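# Close look at the chain arrangement
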Amino acid sequence: MEQFGAEEQFLTAAEEQAYYRPLWVEEPATRRRLPDPVRTSAVRAVIIIAVTLMQAMVAFLCTLAGSWLAFPMVLSSVASTVVATWGALDVWVTRQVWNQRHGVVSEPSSTARALRRERRKTRRQERSAERTKERIRRRGGGAGQLSHS
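Residues numbered from 1 in each chain as written. Predicted model: local features only at pLDDT ≥ 70, side-chain atom pairs only at ≥ 80, totals over all residues. Heavy atoms only, no water.

### Side note on helix α3 (residues 70-102)
Here α3 is 33 residues long and its end C-alpha atoms lie 47 Å apart, about the 48 Å a rise of 1.5 Å per residue gives. Along α3, the positions that sit buried rather than exposed are Ala70, Met73, Ser77, Ser80, Ala84, Gly87, Asp90, Val91 and Thr94. (Helix = DSSP H or I, 4+ residues; strand = E, 2+ residues; numbered from the N terminus. Expected span 1.5 Å × (residues − 1). Buried < 20%, exposed > 50% of the residue type's maximum accessible area, 1.4 Å probe, protein only.)

Written out as structure tokens, the structure is:
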């Protein structure tokens, strides 16, 4: 009898587990999340575009119905289209600015690296030559001077 009760408890535990299974299984994201400023501007743009589409639809229906509201709705739809275009451009510009400031990882080719190294080397040599000239100029110019006494 005790065995039967244990099996019964086991079945109810299994049933409970089946009953309380999770609604979804978390999976790792395949792409990284958008940066906060870009995501904010994208959400703003989506809302503006949705409102613009609704205004255009209402303007169209008002025009079909011959309502007095058709003309103001058409005007506001035109203005909203301009604002929606601005919103879409804002997303693009914000994304470009964020990438420029926070790091698109780029690996230049070895030739570009070598050219930059050469430029740095010549700049350093020019600066050291300039410092040497400045040092000589401060000491008196040396015109006709044979020693530092």
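Picking up after the structure, the text goes on.
### Side note on the environment of Val74
In this fold, Val74 is placed in helix α3. Setting aside chain neighbours within four positions, we find Val74 in contact with Ala59 and Thr63. (Contact = heavy atoms within 4.5 Å.)

### Focus on the packing of helix α2 (residues 36-65) against α3
Where α2 meets α3, the axes come as close as 8 Å, and the angle between the chain directions of the two elements is 160 degrees. Taken as axis vectors, α2 and α3 run roughly antiparallel relative to one another. Our pair here, α2 against α3, has a crossing hand that is left-handed. Within the contact of α2 with α3, the residues separate by chemical class into 19 nonpolar, 10 polar and three charged. (Axes fitted to C-alpha atoms, helices over the stretch in contact; angles between N-to-C directions. Parallel < 35°, antiparallel > 145°, perpendicular 65-115°, else oblique. Left-handed = near helix turned anticlockwise from the far one by under 90°. Nonpolar A, V, L, I, M, F, W, Y, C, P; charged D, E, K, R; others polar.)

### A short note on the confidence of the model for the protein chain
The predicted coordinates ought not to be read in detail in places where the model reports low pLDDT. In the predicted model, the protein chain carries a mean pLDDT of 83, and the fraction of residues at 70 or more is 77%. Taking the mean pLDDT of every element in the protein chain, the minimum, 59, falls on helix α1 (residues 2-19) and the maximum, 95, on α2. (pLDDT = per-residue confidence, 0-100.)

### Some details on a positive patch on the surface
A cluster of like positive charges, contributed by Arg113, Arg116, Arg117, Arg119, Arg120, Arg123, Arg124, Arg127, Arg131, Arg135, Arg138 and Arg139, occupies part of the molecular surface. Locating Arg113 in the fold gives a position in helix α4 (residues 110-138). (Patch = residues over 30% accessible without salt bridge, like charges linked within 9 Å, V, L, I, M, F, W, Y side chains within 5 Å. Areas by Shrake-Rupley, 256 points an atom, 1.4 Å probe, with all protein chains shown as cover. Salt bridge = Lys/Arg side-chain N within 4 Å of Asp/Glu carboxyl O. Lys, Arg positive; Asp, Glu negative; His and termini not counted. Charge placed at Lys NZ, Arg CZ, Asp CG, Glu CD.)

### Observations regarding α2
Look at α2: 43 Å from first C-alpha to last across 30 residues, which is about the 44 Å you get at 1.5 Å a residue. Within α2 the residues assigned to the buried category are Val38, Ser41, Ala45, Ile48, Thr52, Gln55, Ala59 and Cys62. Buried positions along α2 lie against α3.

### Observations concerning a nonpolar patch on the surface
A cluster of nonpolar residues, Met57, Val58, Phe60, Leu61 and Leu64, forms a patch on the protein surface that exposes about 500 Å² of accessible area. Along the chain, Phe60 falls in helix α2.

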